[in-house]
Each structure stands twice: as C-alpha cells, then as structure tokens.
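# Close look at the chain arrangement
For reference, the chains in residue letters:
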Amino acid sequence: MASKDYYEILGVERDADAKTIKRAFLKKARVLHPDVNKEPDAEAKFKEVNEAYSVLSDERKRANYDRYGTAEGPGGFGSDYVDMSDIFGGGFGINDIFDSFFGGGQGGGTSRAARTRGRDMGITLRVTLEEAAAGCTKTIAYDRLAPCDDCGGTGVAEGGHVKTCDRCHGTGRVVEVQRTIFGQMQTQTTCPACHGSGKVVDKPCETCEGQGRTPSRETVDVKIPAGMHSGQSLTVKGKGEAGVRGDASGDLVVRVEVAESETFQRQGDDLFCRVAVDSLQAIVGTTVRMRGILPDDEVVVEVPAGCSYGQQVRVERMGMPRVGTTARGSLIAVIQVVPPKGLTAEQLDDIRKIVDARGEKDAAGEPKAKPAQDGADFAGTRKKPKFKGRGRRNGRSK
Ligand SMILES: [Zn+2]
Ligand SMILES: [Zn+2]
C-alpha cells in the first residue's frame, strides 16, 4: 500500500490543491466505475483510485503520506476518528455513493420518478459504557454526496441555465413503443435526457456533471447525551446525501452502540458489579469504597454483617444517568466473599478456637456452597428494591 504513488494514480502534481485532486478523482472514477466500465481490471483500478483519493482528500492522511509514505503515519490515528470500515460495514460505502451519483437503479424500464431529494444515511458509532454515562462529543468522518463547491449545488456552470427538457417536455418520462411477439407494447420509461427530473442544464458544471453534488469526505461532531442506550439513534439534520441541484439534503442517522464494560453490567439504568469482600469482614459487616462509572463518583457500599456470597447491595443514584434528566439508576454491588489473605499463624489459631467452641454440630449445619453461583449471569438474580425509605440499611434483599 505504502509503495503506491497516489499522485500518479490520480494524475496530479504533488502540490495539487484539494479542488484539483477532487476533479481528477471524479474524472477517473467516472470512466472506471464498474457499472460503466466492463474491462476486467476496471474494478481493481477503481478501487486504487478510491484509495488514492481517500488519502489525498484527507489533510491529515495526505500529510502523513507525504512525510512517511503511509496514510497512517508513524503512530496511527487518534481515537476520535471513527474507523471507516465501520461506516462501510453499515452499508454506506463509496460504491453506494457512486450508484446514486451515476443514477444507478433508474433503468429497468420502470416509470419510477427520479429521486432528487438526498437520501438519509446511516452510521454506527461505538462508544464505551463510561462515555455513554458521562455523555461525549465524537467526530465522525464519512463519505457523502455533498453540494458541489464549484457551482454551489446548482449544477449549472457560469453562464448556463436550467431549461425544461425538450425530450419529455418536463414530464420526466417518455413512452417507448416496442414490437414483441404479443404485438405492440407501450412502455413508459424515465427520460434518458433529463434522468426523470424534467429539467436539463444547457451548460452543466464540469465538476459535478450538472448534478449539483459530488462525493466528499465530511466530518461532523455528534453530541451523545449522558445515559444513551445501545441501539438508540441521533439524527443530524441535512448531513445525509445532498439533493440533486439544490434539492433538500437527507439526514445523517447515527446509531449509537454502547460497548460492554468489564467492570459494570448494565440493566436498564442500573449497573451491576462484583465486589470482593474478605470473608471475615463479611461476617462482621464492612464499608467498601470504590470507583463508579463517572470519573467523580465515589461509591460507598455498606456490606451488612453476615453477608453471603452473591448477595446484592444497592447503592442508589450511582447507576447510569437517565437521558435528559438529573436522575440516575442504582449501582448494585454483587458481593463476592473471598478467603482472607495474609492471616498469621496466631490469627488462624484464634479463628480455630472460635470454630471449635461452636462445635461440630453447628459447622455441619452450615448451608452448602453453590458453585454455580460463581460467574453466573446477573440477569435473573435481580431483585426489586425492597427498601425505599432513607436511612434504612440496604442489602437485606436475601
Ligand atoms: Zn457543480
Ligand atoms: Zn426529459
């Protein structure tokens, strides 16, 4: 990849400006697009041209490429940029952009009117659970058909005009008569002269071929509100595909995917997490302080005396924020009783004395451990909060 000369692929000088690079790319892409070019190596060349353009059209990647011979640079990209493969994986790749750019799907003899409004586009954005809890702003880089810079989205070159199409008289459709074995057949098709818009430009803009829009790398800042759930989406108005010749743009729909956390498991607005408690402390009760989901959270877990393995202790208002409110869910600490560490021989002796004093009968009467509880999913073990009043002890839900 690094050995390719992107400038040579696009046929531009090394000091070419952004506009020149874009024009050269569009020119090459139009003749190499697999829909129009049936040469066996057209697709490979088309991909090469795309790759060259994706690097040279991005200031950061181009600078890296000029300096280090690779778009990634020496240390790779900052995490603020979304992996482009995510976006392509979502079904909105460069081919999709070109399909609409070349009027793909308008053939086939249907009388479907040409679409001139821009389509909505979808992108998946992944955030961590911590980011979803605190809320964050993410910069998304993506490809879309944007209004053409050279004609301001009109599709008309300087001195040109938009006229009613002569071929279809502005209807956007033409009737064709075909002779078949069943006799004459009349079919209505989209007007090939105006692609169904009913209007033609006498002097089209060269850059966009009169479409008023060109493929463009865009960046948009998306604000994720605190408490967002996986699968919810945000709409950025007008940042989808641009319309033909100044028609309305579609929207960019950003679907948020919240990654799972190793520490916290989310259930609605509540967060479950395992808290290890020394078995001796579990007997007498203790207070555990721990880090919460938000940077400033200090979670205080009141472990009651006689706490057993798997017992849940609820800490109110330490869960996920609820979108658009100041409310928060609860943090539910699932107590993991662990053997005490670092007991001295004397301490062990003392404990043994207590155990001996209680006698064998009591020891044998202890409930048996349930190994299945260890590592079991929290789901299904959730209990509704039983204590609503203030000042009452939490954690006696078992
Ligand atoms: Zn233009
Ligand atoms: Zn027409």
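Thresholds applied
- Residues numbered from 1 in each chain as written.
- Chains lettered and ligands numbered in written order.
- Predicted model: local features only at pLDDT ≥ 70, side-chain atom pairs only at ≥ 80, totals over all residues.
- Helix = DSSP H or I, 4+ residues; strand = E, 2+ residues; numbered from the N terminus.
- Buried ≥ 20, exposed ≤ 12 C-beta atoms within 10 Å, placed from the backbone.
- Contact = placed C-beta atoms within 7 Å.
- Pairing = 2+ DSSP bridges.
- Axes fitted to C-alpha atoms, helices over the stretch in contact; angles between N-to-C directions.
- pLDDT = per-residue confidence, 0-100.
- Arc of directions from axis to C-beta.
- Core = buried A, V, L, I, M, F, W, Y, C linked by C-beta atoms within 7 Å.
- Domains from an automatic or database assignment.

This paragraph deals with the overall build of the protein. Helix and strand content of the protein: nine helices and 15 strands. Looking at the 398 residues of the protein, the share that counts as buried comes to 28%. For the protein, the share of sequence-separated contacts (at least 6 apart) that also reach a separation of at least 24 residues comes to 67%.

Strands sit in the order 10-11-15-14 across an open sheet of four strands; the sheet is mixed. Each having just a single partner strand, strand 10 (265-267) and strand 14 (312-315) make up the two edges of the open sheet. Averaged over all pairs of adjacent strands, the angle between their axes in this sheet comes to 35°, without regard to strand direction. In the sheet, strand 14 pairs with strand 15 (residues 331-338) via four bridges, with the strands oriented antiparallel.

Turning to the confidence of the model for the protein, a few remarks are in order. For the protein, the mean per-residue pLDDT works out to 81, and 79% of the residues sit at or above 70. The model gives residues 75-97 a pLDDT under 50, and that stretch makes 27 contacts with residues more than four places away or in other chains. The low-confidence segment residues 99-113, where pLDDT is below 50, has 25 contacts with residues more than four positions distant or belonging to other chains.

Three or more residues of helix 4 (residues 59-68) are buried, namely Lys-61, Asn-64 and Tyr-65. For helix 4, the angular spread of buried residues about the axis comes to 100°, placing them on one side. Opposite the buried face of helix 4, by more than 90 degrees, sit the exposed residues Glu-59, Ala-63 and Arg-67. Looking at the buried positions of helix 4, the neighbouring elements they touch are helix 1 (6-10) and helix 3 (42-56). Where helix 4 ends, the next residue or the one after it, Gly-69, has phi of about 80°, a positive value.

Here we take up the environment of Met-318. Structurally, Met-318 can be placed in the loop between strand 14 and strand 15. Judged by local crowding, Met-318 falls into the buried class, with 24 C-beta atoms found within 10 Å. Spatially, the C-alpha atom of Met-318 lies 7.7 Å from that of Ile-293, the residues being 25 residues apart in sequence.

Pairing is mixed in the open sheet, where three strands are placed in the order 1-9-8. Both outer strands of the open sheet, strand 1 (121-127) and strand 8 (233-236), are each paired with one neighbouring strand and no more. Each strand axis lies, on average, 25° off the axis of its neighbour in the sheet, ignoring direction. Pairing analysis gives four bridges linking strand 8 to strand 9 (residues 252-258), with the strands arranged antiparallel. Residue pairing across strands places Thr-235 opposite Val-253, the latter belonging to strand 9.

Attention shifts here to the environment of Ser-197. Position of Ser-197 relative to the elements: it lies in the loop between strand 5 (183-190) and strand 6 (199-201). Once the C-alpha coordinates of Ser-197 and Thr-164 are considered, the two residues, 33 residues apart in sequence, prove to be 9.2 Å apart.

Grouped together as the largest cluster of nonpolar side chains are 32 residues, with contacts concentrated most on Ala-132, Leu-271, Val-303, Leu-331 and Ala-333. Those elements that place two or more of their residues in this core are strand 1, helix 7 (129-134), strand 2 (136-147), strand 9, strand 11 (270-278), strand 13 (298-303), strand 14 and strand 15. Domain assignment of the residues forming this core places at least three in each of domain 2 (78-258) and domain 3 (265-373). The contact partners of Ala-132, leaving out residues within four places of it in the chain, are Val-127, Ile-224, Met-228 and Val-258.

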